[in-house]
Amino acid sequence: MTRRSVTRTYPIDRIRAEFPILGTTMRGKPLVYLDNGATSLKPQVVIDAELDYLTRISASIHRGVYQLSEEATVKFDEARASVRQFINAGDDGEVVFTKGATESSNIVAFGWGRKFLKAGDEIVTTELEHHANLIPWQQVAAATGAKLRFVPLDPAGRVSPESVQSAVTERTRLVAITGMSNVTGYMPPLRETAEIAHRNGAVIVVDGPQLVSHHPVDVQSLGCDFLTFSAHKMCGPTGVGALYGRRDLLEAMDPLLYGGDMIVRVGKESATFKGVPDKFETGTPNISGVLGFGAAVNYLRSIGMEAIADHERELLAYAARRVGEVPGVTLYGPMAERGVAAGGVDPGGILSFNLGEIHPHDVGAVLDGEGVAVRTGFHCAQPMMQFLGVPGTVRASFYLYNTLEDIDRLVNALHKTLEVFS
Ligand SMILES: Cc1ncc(COP(=O)(O)O)c(C=O)c1O
């Protein structure tokens, strides 16, 4: 075992060499990037895919009859096929390109929720949610008279099939749940939750940006009806993402936006629209971003999502032990239980903690000075902070290119923080 790689076979040196930014410094120190929960770094293949489009193609998709436009269209369609394969969706029409997970959630909330929910219906969700998978549902509830119900969490912030069952009733029309908490890395039992939702006649929306970027996901075997995710958290560009939706559900929904490219025929008073996914993709899309997204999922597949998840699992276990030994540290979520996730589900590669009474932003500032990038604050999850009883946390989140040395640097920087604030 080397210090860099946890497992002997995992090609950590090759992977690190593929991310140009990892050869740079921050505050004069070699960069340790542990803010992957916010966004990931980009490998050269993704940068090249975007650059190739921008320098050599540049044309819009669908509408041009000339060679460059045709090439852009072919590549755009190939990217959709790559994303479909990545999550094992049944057909390309079930993959809608969006601006990201936030837009994907809003498309479901407004296109399905506002259309089909009514007073007396119930939306079941959790306090684990990122605001992107909560506020759209609050808005739907306010507009339709539907009620929000919350699945009770255990003290470590987990749900169980029993707790999901306790919140789901015959009035439940929709369950909106995270695939992996962006605060604690906790992964709810999705398959069981989907079964409970379906048994009660409800659909399930999985908020997937953290899950999809770090773990193998098969939408068909998970049984989810909708899945939202963002390219930028999975080695791709910002401003692009996807919504997976079951074809029949997407077909029944109204688009969020209307305009060019989505139409079949337009008269002065009315218009008819294309089928899925086109009716959700009006306007000129982020073409370079979509091509980068396609390159990103192909890159992740070439390494293997199982291998990435295993690597992160080992980094997390090491980090929980080493960070947990720093005097005054409080860990949150499943890793607070001495690194052992009860309930048989390992958390994903995220460690949330506080260092004594030191404000998370102050911890983050000292870490920054040491070249270590982490996220501090409430992580767009204020109900989760209320559940944990803290205003914020320090969050170290890992990805395929992180190493044991990165964690050692984090731990050294935490000791330095203690010195600064002693
Ligand atoms: C769990 C989760 N859901 C949704 C989002 C929103 O993603 P985006 O900002 O890319 O739309 C995030 C981003 O932090 C997230 O972590």
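Residues numbered from 1 in each chain as written. Predicted model: local features only at pLDDT ≥ 70, side-chain atom pairs only at ≥ 80, totals over all residues. Heavy atoms only, no water.

**Looking at the pattern of salt bridges**
Note that side chains of opposite charge can pair when their charged atoms are close.
Phase 1: Taken as a whole and assessed by the stated rule, the structure comprises 24 salt bridges.
Phase 2: In this structure, Arg14 engages Glu18 in a salt bridge whose closest nitrogen and oxygen atoms are separated by 3.2 Å.
Phase 3: Residue Glu18 is classed as partly exposed on the basis of its relative accessible area of 23%.
Phase 4: In this structure, Glu71 and Arg56 form a salt bridge, with 2.7 Å as the shortest nitrogen-oxygen distance. Taken together, the positions of Glu71 in helix α3 (residues 67–87) and Arg56 in helix α2 (residues 44–57) put the pair 15 residues apart, joining distant regions of the chain. (Salt bridge = Lys/Arg side-chain N within 4 Å of Asp/Glu carboxyl O. Buried < 20%, exposed > 50% of the residue type's maximum accessible area, 1.4 Å probe, protein only. Helix = DSSP H or I, 4+ residues; strand = E, 2+ residues; numbered from the N terminus.)

**What to know about the environment of Tyr66**
Phase 1: Counting through the fold element by element, Tyr66 comes out in the loop between α2 and α3.
Phase 2: Judged by its relative accessible area of 46%, Tyr66 is partly exposed.
Phase 3: Taking the C-alpha atoms as reference, Tyr66 lies 48 Å from Val372; in sequence the two are 306 residues apart.
Phase 4: With sequence-adjacent residues up to four places away left out, Tyr66 is seen in contact with Ala59 and Ser60. (Contact = heavy atoms within 4.5 Å.)

**Considering the environment of Glu103**
Phase 1: Summarising the element assignment, Glu103 is placed in helix α4 (residues 101–116).
Phase 2: Along the primary structure Glu103 and Arg375 are separated by 272 residues, whereas in three dimensions their C-alpha atoms are 23 Å apart.
Phase 3: Those residues in contact with Glu103, other than ones at most four positions away along the chain, are Thr98 and Leu257.

**Overview of the domain arrangement of the protein**
Phase 1: Taken domain by domain, the protein comprises domain 1 (12–43 + 304–420) and domain 2 (48–301).
Phase 2: Here the C-alpha centre of domain 2 lies 27 Å away from the C-alpha centre of domain 1.
Phase 3: Each side of the interface is counted separately: domain 1 has 44 residues, and domain 2 has 35 residues.
Phase 4: Here domain 1 and domain 2 share an interface that buries about 3100 Å² over both sides, 59% of which is from carbon and sulfur atoms.
Phase 5: Inspection of the domain 1/domain 2 interface yields zero salt bridges.
Phase 6: Where domain 1 meets domain 2, there are 21 residue pairs in polar contact (both at pLDDT 80 or more).
Phase 7: Sorting the residues of the side of domain 1 that touches domain 2 by element identifies α12 (305–324), β14 (350–355) and α14 (382–388) as the ones contributing at least two each.
Phase 8: Of the residues in the side of domain 1 that touches domain 2, the class split is 26 nonpolar, 10 polar and eight charged. (Domains from an automatic or database assignment. Buried area = accessible area lost by both parts, 1.4 Å probe. Polar contact = N/O pair within 3.5 Å; in protein donor to acceptor, adjacent residues only side chain to side chain. Nonpolar A, V, L, I, M, F, W, Y, C, P; charged D, E, K, R; others polar.)

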